[in-house]
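Overview (structure and organization)
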Amino acid sequence: MSDKKPETIYLKDYQVPAFLIDNVDLDIKLHPTKTKVDARLTMRRNPDHPDQSAPLVLNGENIELLEIAIDARSLEKEAYTTDNNLLTIEPDAAQNLPPPSASFTLITSSICNPQDNKALSGLYRSSDIYCTQCEAEGFRRITWFIDRPDILSRYRVRLEADKKQTPVLLANGNLVEQGESEDKQKHFASWEDPFPKPSYLFAMVGGQLGVVKDSFTTMSGRKVDLHIYVEPGKEDRCEWAMDCLKRSMKWDETRFGREYDLDLFMIVAVSDFNMGAMENKGLNIFNDKLILARPDTATDGDYAAIESVIAHEYFHNWTGNRITCRDWFQLCLKEGLTVFRDQEFSSDERDRTAQRIADVRSLRSFQFPEDAGPLAHPVRPDHFIEINNFYTSTVYSKGAEVIRMIHTMLGEQGFRKGMDLYFDRHDGDAATVEQFIKCFEEACDIDLEQFMLWYSQAGTPELVCSLEHDEKSKTATLNVTQMLSPSPGQKTKKAQHIPLKIGLIGDNGADLPLMLEDGQKLDDGLLHIREFEQKTVFTNIAMRPTLSLLRNFSAPVTLKTNFDNDDLLFLLRHDADRFNRWQVAQTYMLRLLLTNVKATQKDQPLDHGEQLGEALSLALSEKQLDPLFSPGLLAFPGINDVARELGGDVNHQLILEIRNKLRSNIGEQLRELLTQIYDNTDVSGPFNPDAKSAAKRGLRHATLGLLGATGKPDDIARLYQHYQGANNMSEKATALGYLAQTNAPERQLAFDDFFDKWQKDHLVIDKWFAMQAMSPQDDALERIETLMENKLFSLKNPNKVRAVIGAFAMGNPVQFNRADGRGYEFMARNILEIDCFNPQIASRLAGSFKSWRILEPQRRDKLKTVLDELASHNNLSPDTYEIISKVIQ
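Residues numbered from 1 in each chain as written. Predicted model: local features only at pLDDT ≥ 70, side-chain atom pairs only at ≥ 80, totals over all residues. Heavy atoms only, no water.

Quick notes on the overall build of the chain
Secondary structure summary: the chain contains 26 helices and 33 strands in total. Taken over the C-alpha trace, the chain has a radius of gyration of 28 Å; the compact-globule value for 889 residues is 29 Å, and the two agree within 12%. Each principal axis of the C-alpha distribution contributes one length, and for the chain these read about 85 × 70 × 60 Å. The buried share among the 889 residues of the chain stands at 60%. If you take every contact in the chain between residues at least 6 apart in sequence, the share linking residues at least 24 apart comes to 70%. When the accessible surface of the chain is split by element, carbon and sulfur atoms take 47% of a total near 35,500 Å². Positive and negative side-chain charges of the chain, numbering 104 and 132 respectively, have mean locations separated by a distance of 1 Å. (Helix = DSSP H or I, 4+ residues; strand = E, 2+ residues; numbered from the N terminus. Rg over C-alpha atoms; globule rule 2.2 N^0.38 Å. Buried < 20%, exposed > 50% of the residue type's maximum accessible area, 1.4 Å probe, protein only. Contact = heavy atoms within 4.5 Å. Areas by Shrake-Rupley, 256 points an atom, 1.4 Å probe, with all protein chains shown as cover. Lys, Arg positive; Asp, Glu negative; His and termini not counted. Charge placed at Lys NZ, Arg CZ, Asp CG, Glu CD.)

Some remarks on the pairing of strand β16 (residues 204–207)
On a regular strand, one side chain projects to one face of the sheet and the next to the other, so that they alternate. Residue alternation in β16 divides its side chains into two sets, Met204 and Gly206 and Val205 and Gly207, and both sets are buried. By the bridge criterion, two bridges tie strand β11 (residues 129–133) to β16 in an arrangement that is antiparallel. Paired with Cys131 across the two strands is Val205, which belongs to β16. Note that strand β13 (residues 168–171) and β16 share four bridges and pair antiparallel. For Ala171, the partnering residue across the bridge sits in β16 and is Met204. (Pairing = 2+ DSSP bridges.)

What about the sheet that holds strand β15 (residues 186–197)?
The sheet built from eight strands is open, its strands ordered β6-β5-β9-β3-β2-β12-β15-β14 with mixed pairing. Either end of the sheet is taken by a strand with one partner, and the two such strands are β6 (73–74) and β14 (174–180). Relative to strand β3 (residues 35–45), strand β2 (residues 19–29) is paired through 10 bridges, and the arrangement is antiparallel. Looking across to β3, one finds that Asp25 is bridged to Arg40.

Observations regarding the sheet that holds strand β33 (residues 558–561)
Here five strands make up an open sheet; going across it, the order is β29-β31-β26-β25-β33 and the pairing mixed. Of all the strands in the sheet, just β29 (515–516) and β33 have a single pairing partner and so form its edges. The sheet contact formed by strand β25 (residues 462–470) and strand β26 (residues 475–483) spans nine bridges and is antiparallel. If you follow Leu463 over to β26, its bridge partner there is Gln482.

Here's the deal with the packing of helix α15 (residues 691–708) against helix α16 (residues 713–725)
Contact geometry for α15 and α16: axes closest at 8 Å, N-to-C directions at 145°. Considering the relative orientation of α15 and α16, their crossing is left-handed. Contact residues: Arg700, His701, Leu704, Leu707 and Gly708 in α15; Asp715, Ile716, Arg718, Leu719 and His722 in α16. Its residues assigned to classes, the contact of α15 with α16 shows four nonpolar, three polar and three charged. (Axes fitted to C-alpha atoms, helices over the stretch in contact; angles between N-to-C directions. Left-handed = near helix turned anticlockwise from the far one by under 90°. Nonpolar A, V, L, I, M, F, W, Y, C, P; charged D, E, K, R; others polar.)

A word on the side chain of Thr703
Within the element layout of this structure, Thr703 appears in helix α15. A polar atom in the side chain of Thr703 sits 2.7 Å from the backbone oxygen of Arg700. Excluding residues that lie within four positions of it along the chain, Thr703 makes contacts with Leu634, Leu674, Ile677 and Tyr678. (Polar contact = N/O pair within 3.5 Å; in protein donor to acceptor, adjacent residues only side chain to side chain.)

Topic: the state of the cysteines
Counted under the stated rule, the structure contains zero disulfides. Just so you know, Cys131 is unpaired, no disulfide at all, and the nearest cysteine sulfur is the one on Cys134, 9.3 Å from it. A relative accessible area of 1% places Cys131 in the buried class. The structure places no disulfide on Cys244, whose sulfur is separated from the nearest cysteine sulfur, that of Cys238, by 11 Å. On the basis of relative accessibility, which here comes to 0%, the residue Cys244 falls in the buried class. (Disulfide = S-S within 2.5 Å.)

With respect to helix α18 (residues 745–758)
Side chains three or four residues apart in an α-helix point the same way, a direct result of the helix having 3.6 residues per turn. Counted at 1.5 Å a residue, the expected span for α18 with its 14 residues is 20 Å, and the 21 Å between its end C-alpha atoms agrees. Of all the positions in α18, only Glu746, Arg747, Ala750, Phe751, Phe754, Phe755 and Trp758 are classed as buried. One side of α18 carries all its buried residues, which in axial view fall inside an arc of 165°. Among the exposed residues of α18, those pointing more than 90 degrees away from its buried face are Pro745 and Asp756. (Expected span 1.5 Å × (residues − 1). Arc of directions from axis to C-beta.)

Re the pattern of salt bridges
Scanning the model with the defined rule gives 67 salt bridges in all. In this structure, the salt-bridge partner of Asp351 is Arg578, at a minimum N-O distance of 3.5 Å. Of the two residues, Asp351 sits in the loop between α3 (331–349) and α4 (352–372) while Arg578 sits in helix α9 (residues 578–601), which places them 227 residues apart along the sequence. Connected via shared salt-bridge partners are Arg255, Glu344, Asp348, Arg352, Arg404 and Glu412. (Salt bridge = Lys/Arg side-chain N within 4 Å of Asp/Glu carboxyl O.)

Some words on the environment of Trp328
Structurally, the position occupied by Trp328 is in the loop between β22 (324–325) and α3. Classification of Trp328 by relative accessible area gives buried; the value is 6%. Residues Trp328 and Leu795, spaced 467 residues apart in sequence, show a C-alpha to C-alpha distance of 29 Å. In this view, Trp328 contacts Glu135, Ala136, Glu137, Pro149, Tyr200, Lys334, Phe384, Ile387 and Tyr391; residues no more than four positions away in its chain are not counted.

With respect to the environment of Ala293
Along the chain, Ala293 turns up in the loop between β21 (283–287) and α2 (300–315). With a relative accessible area of 6%, Ala293 lands in the buried category. Separated by 13 residues in sequence, Ala293 and Ile306 place their C-alpha atoms 8.4 Å apart. Not counting the four nearest positions on each side in its chain, Ala293 is found in contact with Asp236, Arg237, Ala298, Tyr303 and Ile306.

Some remarks on the side chain of His652
By the secondary structure assignment, His652 is in helix α13 (residues 652–669). Here Asn817 takes part through its side chain, which lies 3.4 Å from a polar atom of the side chain of His652. Filtering out sequence-adjacent residues up to four positions away, His652 remains in contact with Ile639, Asn640, Ala643, Pro813, Val814, Asn817 and Leu855.

Regarding the packing of aromatic side chains
Taken as a whole, this structure holds 36 aromatic pairs when the rule is applied. Geometrically, the ring pair formed by Trp768 and Phe769 is edge-to-face, given 5.2 Å between the ring centres and 70° between the ring planes. Taken as a pair, Trp768 and Phe769 share a single burial class, namely buried. Between Arg341 and the ring centre of Phe256, over which it is positioned, the NZ or CZ distance is 4.8 Å. Between the NZ or CZ atom of Lys796 and the centre of the ring of Phe837, over which it lies, the distance is 4.9 Å. (Phe/Tyr/Trp six-rings, centres within 6.5 Å; stacked < 30°, edge-to-face > 60°. Lys NZ or Arg CZ within 6 Å of the ring centre and 35° of its normal.)

Digging into unusual backbone geometry
Note: most peptide bonds trans; most residues except glycine with negative phi. Cis geometry marks the peptide bond from Glu135 to Ala136, where omega comes out at 5°. Along the chain, the position of Ala136 falls in the loop between β11 and β12 (153–162). The phi angle at Lys474 is positive, at roughly 55°, despite the residue not being glycine. Using a relative accessible area of 45% as the deciding quantity, one classes Lys474 as partly exposed.

Some details on the nonpolar core
The biggest cluster of nonpolar side chains holds 217 residues, and the ones touching the most others in it are Ile291 and Phe436. Formed by 62 residues, the second largest nonpolar core is a distinct cluster that contains Ala803, Ala871, Ile884 and Val887. (Core = buried A, V, L, I, M, F, W, Y, C linked by side-chain atoms within 4.5 Å.)

Some remarks on the packing of helix α24 (residues 839–846) against helix α26 (residues 878–888)
The interhelical angle for the contact between α24 and α26, taken along N-to-C directions, is 10°, at an axis separation of 8 Å. Taken as axis vectors, α24 and α26 run roughly parallel relative to one another. Here Pro839, Gln840, Ala842, Ser843 and Ala846 of α24 lie close against α26, whose contacting residues are Asp879, Thr880, Ile883 and Ile884. Tallied by class, residues from the contact of α24 with α26 come to five nonpolar, three polar and one charged. (Parallel < 35°, antiparallel > 145°, perpendicular 65-115°, else oblique.)

Observations concerning the environment of Asp577
Residue position: Asp577 is located in the loop between α8 (565–574) and α9. Overall, the relative accessible area of 14% leaves Asp577 in the buried class. Linking Asp577 and Leu550, residues 27 residues apart in sequence, is a C-alpha distance of 9.8 Å. The residues touching Asp577, leaving out its near neighbours within four places in the chain, are Arg551 and Asn552. Here Asn552 takes part through its backbone nitrogen, which lies 3.3 Å from a polar atom of the side chain of Asp577.

Right, dumping it as structure tokens:
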């Protein structure tokens, strides 16, 4: 690493800002390379700051300062300094700053270059569209400002641009004035946002855009205009997005009592965007892949993602915008809470169990490995170098699980009381996690001091559980041991407060009453695990019951039990908790895969899965078949799931081979049943993205995949026929994805056909890129390098990078972890190149190296060499430096 290390910022060093900014007036004259920004900031000293003589310090990056003045008095160059992206005005420099009690106006004029901004942070120009991305620290790339989330200001923005080239001018808030120049060549639009907001929520857009309009009537009877702006010609792909937005607005009113507060809500879809979407007040900016959908271009997964993300960004209006975070360490306060809210929305709109399964599967795939590796950090980190590196699965997904645990403990009514108090007390504030938790403690008279450890301790707790039954006393004793492994910077940890939902199931398959020793009945099955070792005794249990643990995944923990296979199969048949039925199927499959991997390493016979096949056959019988639930039973744990459980000496190629064999065996064993389900679940008629139709297609796709896993000519032919006969993208992309995993000649035929039809659609062609990048065939790297030479690929476009390089690193563990190390070398080369212009994307790609220590020795050594070479570069961005330094330590 370079001798000059980037600065580390610590939560413990937080200090209130020395100055406050009450009003921001911006006059922005848009130009591709010389956008001029005139800013008038109405400011005053913060009376709560300990140093009332502190200098005024503003942030600015890649902008040219033309002029600076205070109260219309220009400042000479000796009155201020600009160094290390900071502009500093000392109070004693010719009495530049007014006395502490006075307010003043700071005036700056500056130039920025949107065309050359390839980092896509701040104001940039992409495909002739001006766009902004200011979270977390992009506003400083537009104008000089105290760029931190606890500076809340009211904004008035005037935009001016060439009328022909940039006919649409948008900014936050309500449109208050518009007009054109005398020569008709230019026009302007003025926008005013009446609600104070932090600078990271500022947004503006300018360009040639089509618009789809609708409206929504709020619960108080107020009409809100809804506008979705897209590339001209794509308006017909906005119907689903608009429907999702209106349903989100209604749901937030019904579930949380939150009404939208402006006269206009706008969404703009752009093709070059580092993130998925951004909740800018009244002007959400989206990656267009999360807006545009039509049956022939979008899969069921795309439709569900659009629904979820539109809800997420809209819900931020209250949990993120009206109440924002005091500092970036509190990021989970807006993101974890809003993820919980969008998960609940999707659960209500779709199927609650299916949604829970999807959320937990995602948590285990992304967050659990993060918690177990060198990038582990608490839900609320206590230090960082670059805040962009903490938009992580831990902050978002685990943060949502922490909120869900509060909901589980308090129930819907208690949770709503706490949320209502939070909204009432902190509307207009930049809040902290402590303030949020305090609202629930006061509203529900509960002590959450120990529970707060979820925000400060990293790592995934493991619960070791066993059940002892005493026939004589008719008692069953549940023993729970809480295991907390060390994490970076946290060698020892305190016992956490873990809500554990359980059930005891009798021989007849029915839940038994849960009576405690003190005579209390545990109606909800909820235990509060607070100690490292804890016992709970249940009475009136005549026969040994079967234990159902962690129902509905009541806490983000792992379990270690003494369940044998018969226990798991019993739970699969009888557990009243649908989530747990899915979970025990996953546990059984994972146990079988691990057994076979170890058997192969020891040259021992394999378990071909006959017992699993019998259990799945029963679960998929006509009586038990449930299109909303059954597809999950057929989804085998992924390669990375098995690798995570192995914990060391991981060979992804071996895991793939074992997994493929097991899926092939099950496909053959259940051939007749799977074929029957496939034939009987054809979703005919016009495409409908609703939950039931999508689930029915999902069940058919699951059976298609298992049959195709056999590799037999007839089954491969079925895959190709499915592809050819598909009348929607969900059907077509599913078959193409299955074919991509094979070496059959139909594979290339399908890919060539897909490219010929969709090469002019930049979103659909990303599927073509990604499915090839994730194919585990031996020619993967050569194929990917060819894809990167394709005229449709651009290293400057984040979606294309994610579709090829990201898909390879995250979705192709076999070829990424090649024995010859070429996968690691490929990634390192591209990370270094991308880091030069877009550090956010580069650092996220660098996170793909996080699990290197669990690899088998040969692969581990090759990856360590690559990491050492990466670390030797002295010009890494702070973003990538932080990730590599943590991974390699």
